[in-house]
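# Understanding the architecture of this molecule
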Amino acid sequence: MDEAMNSPARFPADFVWGASTAAYQIEGATTEDGRGPSVWDTFCAVPGNVRDGDSGEHAADHYHRYNEDLDLIADLGLASYRFSIAWPRIQPTGSGKPNQKGLDFYRRLVDGLAERGVRPMATLFHWDLPQELQDRGGWENRDTAERFAEYAEICYDALEIRDWLTINEPKTVVDCGYRFGSHAPGFKDDARAFVACHHLLLAHGLASRVLHERHPGRRIGPALNLHPTYPADDTPEAREAAHHQDGLENRLYLDPVFKGRYPEDTLRWISERGPMADHILDGDLGVISEPIDVLGVQYYTPVFVDGKGERVFRHERAQAEWLEIYPEGLHDILVRVQRDYPGVPMIITENGLATVDGIDADGRVRDQRRIAYLRDHLSATHRAMEAGAQVEAYHVWSLLDNFEWAEGYSQRFGIVYVDYATQQRTPKDSALWYRDVAKSGELR
Ligand code: GBH
């Protein structure tokens, strides 16, 4: 028998175990302490945009309960906590002088993490663009990228944080926000989408440059949702379609950041649909390819496409229908990034599963399916590391059940259950399982 099959997967002693959240999904308190409105407040107010008319107005009330949540993180023995900073708390209209109360909240959070020996990882933008910037064109307006760099500088100078992430999933903003209309700002327009794409990447580059200039020694990178893309069958048509899809899913974001150029085939396809290329000014790709220090990798699902370029599902799906469960995809994408975009350590900044959870009479939440998902994906991560992928850390999405964007509160990704009526937190069985993994560094 193969030794490796029997012995438990043991992670390196310095491997970092963590959990992730995002401001609009957990904080609530959307009108408190001077926070300005964001595009998601606006989007949620339109009937039909979000399931059951839900919004982030109260969410998991983390803005008021952050101390309790910090204790949860510590009780689970996690070494890293990834959260996002709400731009409209720091600059209510997206520019100008900072709102002290907004900064104070994140200072208290970062201090609370330090007291508990947990290291912070802050995302600067997890989709809550100040509404006033949207009114001036949002990500279609190049100026938004400049405003973002200014906002980033305020955060860098105010908060004692070593590791930063610029933009969370630019691809989701482009696709869901501008192409499919399922996220704020809710447009369905390919021409505008890819202009926004360029400015999101520019914002990433400008903000990375500012950090390097002002705070050498700190680290920064983007958080990219990567989708390993496979042909659904062994025909040349399917292989070709998969390559094209890989451009839209992965290379469109990885190539400019790592190589300072857009993938030619993808840019050609985009240029047939709109004016993105006109917005790429001299020097932009130099900014976008500002060397990064870490790459945030977010993985949920692979994409299989047939010869017509249609997505097909080959494996079991989760409650979230877009999520095809395929742990091998995480192995494949980590190995591929290491091979094609070497030299930057990877941090898994999100991976997780929505399940239909409830509290049993004995007070437990038996989320066996989530445990299986996490175990299989951690095992895939471990195998990728054995194959040479440089992965420093893993963050489960998510610490808490939260506002799952267009799905409202109907999908629960947390390892901690939130009863929204009482805001009571209950660690699910997966949280207790994850605590043991984090403690032992071993998958059994
Ligand atoms: C991540 O997005 C986000 O960073 C996080 O905030 C989120 O809670 C988590 O994953 C779980 O979803 O509009 O039909 O394509 C993952 C990418 C984008 C996948 C939106 C689901 C909605 C289906 N997600 N998409 S559709």
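Look up: the structure comes first, before these words.
Notes on the structure in this doc start here. These numbers were taken from a predicted model, which means no experiment stands behind them. (Residues numbered from 1 in each chain as written. Predicted model: local features only at pLDDT ≥ 70, side-chain atom pairs only at ≥ 80, totals over all residues. Heavy atoms only, no water.)

### Brief notes about the pairing of strand E8 (residues 295–298)
On a regular strand, one side chain projects to one face of the sheet and the next to the other, so that they alternate. Every second residue of E8 is oriented toward a common face, with Leu295 and Val297 on one face and Gly296 and Gln298 on the other, all of them buried. Where strand E6 (residues 219–225) lies against E8, three bridges are found, and the strand directions are parallel. Each bridged residue has a counterpart across the sheet, and for Ala223 the counterpart in E8 is Gly296. (Buried < 20%, exposed > 50% of the residue type's maximum accessible area, 1.4 Å probe, protein only. Helix = DSSP H or I, 4+ residues; strand = E, 2+ residues; numbered from the N terminus. Pairing = 2+ DSSP bridges.)

### Things to note about the packing of helix H11 (residues 236–259) against helix H14 (residues 328–340)
The contact between H11 and H14 brings their axes to 12 Å, and the two run at 35 degrees. Crossing hand, H11 versus H14: right-handed. Along its contact with H11, which presents Asp246, Asn250, Arg251, Leu254 and Lys259, the element H14 presents Ile333, Arg336, Val337 and Asp340. Of the residues in the contact of H11 with H14, the class split is three nonpolar, one polar and five charged. (Axes fitted to C-alpha atoms, helices over the stretch in contact; angles between N-to-C directions. Left-handed = near helix turned anticlockwise from the far one by under 90°. Contact = heavy atoms within 4.5 Å. Nonpolar A, V, L, I, M, F, W, Y, C, P; charged D, E, K, R; others polar.)

### Topic: the packing of helix H9 (residues 170–179) against H11
At a minimum axis distance of 10 Å, the contact between H9 and H11 shows a crossing angle of 135 degrees. With respect to H11, the axis of H9 lies oblique. Of the two elements, H9 crosses H11, and the hand of that crossing is right-handed. Side by side, H9 and H11 meet where Pro170, Lys171 and Val174 of the first sit next to Leu248, Glu249 and Tyr253 of the second. (Parallel < 35°, antiparallel > 145°, perpendicular 65-115°, else oblique.)

None of this, on its own, says anything about what the molecule does.
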